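What follows is each chain in one-letter form.
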Amino acid sequence: MLIRHTATLAAMLLLGTAPFAQAADKPTDPQIAHIAYTAGVIDVEAAKLAIGKSKNKDVVDFANDMVRDHEAVNLQALDLVKKLKVTPEDNATSQALSKAAADERAKLAKLEGAAFDKAYVDNEVAYHKQVNGALETLLIPSASNAELKSLLETGLKIFQGHEQHAEHVAGMLK
Amino acid sequence: MSKRHLWIALTLAIGIVPAQAETIQVTIDKLVFSPASVEAKAGDTIEWVNKDVFAHTATVKGGWEVMIPPKKSASLTLQKAETVDYFCRFHPNMKGRLVVAP
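Residues numbered from 1 in each chain as written. Chains lettered and ligands numbered in written order. Predicted model: local features only at pLDDT ≥ 70, side-chain atom pairs only at ≥ 80, totals over all residues.

In the annotation of an unreviewed UniProt entry, chain B is listed under the name Plastocyanin and assigned to Mesorhizobium sangaii.

Going by an unreviewed UniProt entry, chain A carries the name Putative membrane protein and comes from Mesorhizobium sangaii.

This is the structure:
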C-alpha cells in the first residue's frame, strides 16, 4: 500500500500533474526535512544556472536573491535537524522533485538570451507555487515537531515572497 | 513661581520649542514588520531591526529604499510629512506603512 502510493506520487511528480497534492501517506518529520531541504537545493541550482547564463540584470539579481535566501533557510534547517538529532530521510517525493528539476535544468540549459530568461522566471513562478502548495497542504500539516513546523511556516512566507517577486520579474520581461 | 515664570514654562510645554526628534523601532521577525503601521513626525528616525537571517528592504514604490541586512539594523530619517506604504522588494508579501505628520 505504502509502496504503491509512493510510486503513484513519484509518477505524478514526473508527469508534472498536481505534484505532492495527492500524497496518500503522511510524510514523517525526517522525510519532511529532506523534502524541504531538497526543494531549496533545487532552487539554488536553477538560480546558479541563471546567474551563469542570463545577461538581464533583473533576472540575475532575482537569481542572486534566490541563492541567498534558500541557502539561509537550508542552513537553518541543517541547524535544526542537528539540534533535534533528526537525520533527514531520502524518499520518493524528494527523488521525484530532484528528477523533475534535473529535466527542467536540462531544458533551460539549451535556451539562450530572452528565451532563457522567460523560461527560467516562468518556471520560478510555477515552482514556488508548487512548493508553497505542498508546504500548506501537506508538509506543514504533517510536521509533528513544533520547531520544524515553525521553520516550515517561515519557509512558506519566504517562498510566497519569492513567488510574488518572480511574478514581478516576469511582468518586467514582457 | 511668579506668574511670568509660569507663563514661560507653559510656553515651553506647549511646544514653541521644537519637539525632540525620536527614533522609532520597527522589528522584522519571521518576515513581518512590527508594528506594521507607525505614526511619526518629520525629523523622526525609523530604525528597522532585522531579527531574520534573511536580507530585507523597506522600499517605497517610486521612492526611497532602505537595505536591511540579516541580523542588522538600518535607519532612515523622515524628511517630510507624508503617508507611505512600503514593502520588502525581496519578499513583496511583507508590507508596512508610515504615517508622517509635519
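Trainee: Sorry, what's going on with the overall build of chain B here?
Mentor: In terms of helices and strands, chain B carries 1 helix and 9 strands. Within the span of chain B, comprising 102 residues, buried residues form 24% of the whole. In chain B, of all internal contacts separated by at least 6 residues, the share reaching a separation of at least 24 is 45%. (Helix = DSSP H or I, 4+ residues; strand = E, 2+ residues; numbered from the N terminus. Buried ≥ 20, exposed ≤ 12 C-beta atoms within 10 Å, placed from the backbone. Contact = placed C-beta atoms within 7 Å.)

Trainee: Please clarify how the packing of helix 3 (residues 57-84) of chain A against helix 6 (residues 146-173) of chain A should be interpreted in this entry.
Mentor: Think of two packed helices as two axes; the pair is described by the angle between the axes and how far apart they sit. All names here are of chain A. Their axes nearest at 11 Å, the elements helix 3 and helix 6 cross at an angle of 175 degrees. The orientation of helix 3 with respect to helix 6, classified from their angle, is roughly antiparallel. Together, Asp 58, Val 59, Phe 62, Asp 65, Met 66, Asp 69, Val 73, Gln 76, Ala 77, Leu 80 and Leu 84 of helix 3 and Glu 147, Leu 148, Leu 151, Gly 155, Ile 158, His 162, His 165, Ala 166, Val 169 and Met 172 of helix 6 make up the contact between the two elements. Of the residues in the contact of helix 3 with helix 6, the class split is 13 nonpolar, 4 polar and 4 charged. (Axes fitted to C-alpha atoms, helices over the stretch in contact; angles between N-to-C directions. Parallel < 35°, antiparallel > 145°, perpendicular 65-115°, else oblique. Nonpolar A, V, L, I, M, F, W, Y, C, P; charged D, E, K, R; others polar.)

Trainee: In this structure, what is going on with the interface of chain A and chain B? I would like to understand it.
Mentor: The interface is formed by 13 residues belonging to chain A together with 11 residues belonging to chain B. Looking at the side of chain A that touches chain B, the elements that each hand over two or more residues are helix 3 and helix 6 of chain A. Examining the composition of the side of chain A that touches chain B, we find that 8 residues originate from one element, helix 6 of chain A, more than from any other. Classifying every residue of the side of chain A that touches chain B by side-chain character gives 2 nonpolar, 7 polar and 4 charged.

Trainee: Whenever I open this one, unusual backbone geometry confuses me. Can you help?
Mentor: A negative phi angle characterises most non-glycine residues, just as the trans form characterises most peptide bonds. Cis geometry marks the peptide bond from Ser 34 of chain B to Pro 35 of chain B, where omega comes out at -5 degrees. Here Pro 35 of chain B shows up in the loop between strand 2 (32-34) and strand 3 (37-41). Located in the positive-phi region is Lys 85 of chain A, a residue other than glycine, with phi close to 55 degrees. Within the fold, Lys 85 of chain A resides in the loop between helix 3 and helix 4 (92-109). Assessed through the 6 C-beta atoms surrounding it within 10 Å, Lys 85 of chain A is described here as exposed. Backbone geometry places Lys 30 of chain B, a non-glycine residue, at a positive phi of 50 degrees.

Trainee: Even after reading the chapter, I still don't get the UniProt feature "domain: DUF4142" (unreviewed entry) in chain A, so can you show me in this structure?
Mentor: Under the UniProt annotation, "domain: DUF4142" (unreviewed entry) lies at residues 28-168 of chain A. Summarising residues 28-168 of chain A: 88% helix, 0% strand, and an end-to-end C-alpha distance of 35 Å. (UniProt positions renumbered as here; feature names shortened; annotations may be inferred.)

Trainee: Teacher, can you tell me more about the environment of Met 172 of chain A here?
Mentor: Residues and elements named next belong to chain A. As for its placement among the helices and strands, Met 172 is situated in helix 6. Taking the number of C-beta atoms within 10 Å as the measure of exposure, Met 172 has 12 and is therefore exposed. For the pair Met 172 and Val 59, spaced 113 residues apart in sequence, the C-alpha to C-alpha distance is 9.7 Å.

Trainee: Would you take a moment to explain the nonpolar core for this structure?
Mentor: Side chains of nonpolar character tend, in soluble globular proteins, to be buried together. Ranked by internal contacts, the top residues of the largest apolar core, which has 52 residues, are Ile 32, Ala 36, Val 59, Leu 139 and Leu 152 of chain A. For this core, the elements supplying multiple residues, two or more each, are helix 2 (29-53), helix 3, helix 4, helix 5 (113-142) and helix 6 of chain A together with strand 1 (23-29), strand 4 (45-50) and strand 8 (82-87) of chain B. Among the elements that make up this core, the one with the highest residue count is helix 2 of chain A (9 residues). Residues in contact with Leu 152 of chain A, not counting those within four places in the same chain, are Ala 36, Leu 135, Leu 139, Ile 140 and Ala 143 of chain A. (Core = buried A, V, L, I, M, F, W, Y, C linked by C-beta atoms within 7 Å.)

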